[in-house]
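# Chain and residue survey
Letter by letter, the chains look like this.
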Amino acid sequence: MSSIPSPSTELMHVGRPNIGKRESLLSRIDDILDRRWLSNNGKYVREFEVRVAELLGVKHCVAMCNATVGLEIATRALGLHGEVIVPSFTFVATAHCLQWQEITPVFCDVDPRTHNMDPAKIEHLITPRTTGILGVHLWGRACAVEALGEIASRHRLQLLFDASHAFGCSHTGKMIGGFGRAEVFSFHATKFINTLEGGVVATNDDTLAQKMRMMKNFGFTGYDCVEYLGINGKMNEISAAMGLTNLESIEKFVAINRRNYELYRERLAVLPGVELIDYPDTERWNYQYVVVEIDEAKTGVSRDALVEHLHAKGIMARRYFHPGCHRMEPYASRYPGHSVILPHTEFLCSRVLILPTGMSVSTDDVKRVCDIIRCTLGVIAAPLSAVTTE
Ligand SMILES: Cc1ncc(COP(=O)(O)O)c(C=O)c1O
């Protein structure tokens, strides 16, 4: 008997990688091997930086080994210290990049309608130790860029963005990438465009870009001259080759994600207590996150019970970003009491569910996931074995 699972028994994961044309990738990898230039600002990394900068409409893109290191380098190059205001409803790396440098993340609540940091909640968190605001464009939807910019400039704070989810998305018709002092994108395997692991920091600031280039290369400014404290944040050539290859298929990835998102919407919108977040036609989106809110009062079924049923059927839906950074360590112990000031974060952490999409998810897969959800919401009182979708 074969040990390889058949497609019907394969688990359906959130964030299964989008992969562009295999022949393009393999021919680039052949070239990399022939040229024996694997890292250290090689031809493919430079080309990738140019392509990404063109796409985002920014002056500089500095390629990194991942977005977490990109965030650490950007915050250090901007001179952040003391306290930085950040949402808790995000992937933990947003907070870790600060705490790793002994900067205190001060968690701000989100607006339950946008899922992004609520600008009305920021000002009373500002203290004499605050040096910056780190906004997150959750699910690719821009946070309140203008309001945050106004608060930052009035209090002389640095403003940067974790744009890990937002590659290929726009805000007020302008591509995300050029807002604030810098914006950091993730190209992790699960992201819309992946470089296996990787990231870029985008900025229009020449000096900042130059400083980050040095910092990601141990602080070297010449063959044997070190002028900054630096780290190894470099992207390698094979990652850049993967990135260039995937960029060639960006329109296809958007089209598939959009098709899946619209089908989910059509099938789930009719269910009371099940609400998909919106991607209005006025902007560009990557549709990488199919985000559903489950209102238990209307469905009669908790988000967690639904997740359990989906997992039992091989649909590995995720509770992003449960339970919120403030309930994870070291934050829960170091800064207790945050849950009191984060009611909307806690609310969303208890009801948000992410469904699988991407190029490996077919319309039949989406229909099956929706059928399981509909069925589960209808028959939750019955034993799991009774929940059938065939
Ligand atoms: C919002 C957010 N920030 C930061 C990261 C970290 O990115 P990376 O894995 O490239 O370090 C991720 C995802 O991994 C993320 O979703």
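Residues numbered from 1 in each chain as written. Predicted model: local features only at pLDDT ≥ 70, side-chain atom pairs only at ≥ 80, totals over all residues. Heavy atoms only, no water.

### Overview of the sheet that holds strand β3 (residues 83–87)
Within the open sheet, the seven strands sit side by side as β2-β10-β9-β6-β5-β3-β4. Their pairing is mixed. If you trace the sheet from one side to the other, it starts and ends with β2 (60–64) and β4 (104–108), each paired once. On average, each strand axis in the sheet is inclined to that of its neighbour by 25°, with strand direction left out of account. Here strand β9 (residues 182–186) pairs with strand β10 (residues 199–203) via four bridges, running antiparallel. By the bridge assignment for β10, F185 is matched with V200. (Pairing = 2+ DSSP bridges. Helix = DSSP H or I, 4+ residues; strand = E, 2+ residues; numbered from the N terminus. Axes fitted to C-alpha atoms, helices over the stretch in contact; angles between N-to-C directions.)

### A look at the site of the ligand
If you check the shell around the ligand, you find 14 residues, and the closest are T68, D162, H165, S186 and K191. At 2.8 Å, a side-chain N or O of S186 approaches an oxygen atom of the ligand. When the ligand is considered free in solution it has 390 Å² of accessible area, and contact with the protein chains removes 93% of it. Elements supplying a minimum of two residues to the shell around the ligand: α3 (67–77) and α4 (93–99). In terms of residue class, the shell around the ligand is built from three nonpolar, nine polar and two charged. (Near = heavy atom within 4 Å. Polar contact = N/O pair within 3.5 Å; in protein donor to acceptor, adjacent residues only side chain to side chain. Areas by Shrake-Rupley, 256 points an atom, 1.4 Å probe, with all protein chains shown as cover. Nonpolar A, V, L, I, M, F, W, Y, C, P; charged D, E, K, R; others polar.)

### Observations concerning empty space enclosed by the protein
One pass over the full model with this rule turns up one cavity of 30 Å³ or more. Roughly 30 Å³ of internal volume is contained in the largest cavity. Around the largest cavity, the lining residues are S164, H165, F167, K191, F192, N286, Q288 and Y289. Partitioning the lining of the largest cavity into residue classes produces three nonpolar, four polar and one charged. (1 Å grid on protein atoms, 1.4 Å probe; cavity = no way out; pocket = protein on both sides within 12 Å on 5 of 7 lines; lining within 4 Å. Points joined across faces, edges and corners; volume = space filled by probe spheres on them.)

### Concerning the nonpolar core
Within the largest apolar cluster, 94 residues are counted, with the highest numbers of intra-cluster contacts made by W139, F167, L268, L310 and L355. The dominant element in this core, judged by the number of residues it contributes, is helix α8 (residues 250–268), at seven residues. Each residue touching L310, except ones within four places of it in the same chain, is listed here: I315, A317, L353, L355, V369, I372 and I373. With 31 residues, the next largest nonpolar core counts M64, V69, L160 and C325 among its residues. (Core = buried A, V, L, I, M, F, W, Y, C linked by side-chain atoms within 4.5 Å. Buried < 20%, exposed > 50% of the residue type's maximum accessible area, 1.4 Å probe, protein only. Contact = heavy atoms within 4.5 Å.)

### Focus: the pairing of strand β12 (residues 290–294)
Of all five residues in β12, five are buried; the element is thus mostly enclosed. The side-chain alternation of β12 yields two buried faces, one formed by V290, V292 and I294 and the other by V291 and E293. Taken together, the three bridges between strand β11 (residues 274–276) and β12 define a ladder with antiparallel strand orientation. Counted as the bridge partner of L276 is V292 from β12. As defined by bridge partners, β12 adjoins strand β14 (residues 352–355) across four bridges and the pair is classed as antiparallel.

### Observations concerning the pattern of salt bridges
According to the stated counting rule, one finds 22 salt bridges in the structure shown. Where E49 meets R213, a salt bridge forms, and the shortest distance between an N and an O atom there is 3.2 Å. One end of the pair, E49, is in helix α2 (residues 43–56); the other, R213, is in helix α6 (residues 206–215), with 164 residues separating them in the sequence. Classification of E49 by relative accessible area gives buried; the value is 6%. R51 is the salt-bridge partner of E54, the closest N and O atoms lying 3.6 Å from each other. With a gap of three residues between them, E54 and R51 both fall in helix α2, about one helical turn apart. E54 gets classed as exposed once you look at its relative accessible area, which sits at 54%. Linked through salt bridges whose partners overlap, the residues forming this network are E47, R51 and E54. (Salt bridge = Lys/Arg side-chain N within 4 Å of Asp/Glu carboxyl O.)

### Details of the side chain of T130
Mapped onto the secondary structure, T130 falls in strand β5 (residues 130–136). The buried category is assigned to T130, whose relative accessible area is 8%. Within the structure, T130 has its side chain in polar contact with the backbone nitrogen of T127 (distance 2.8 Å).

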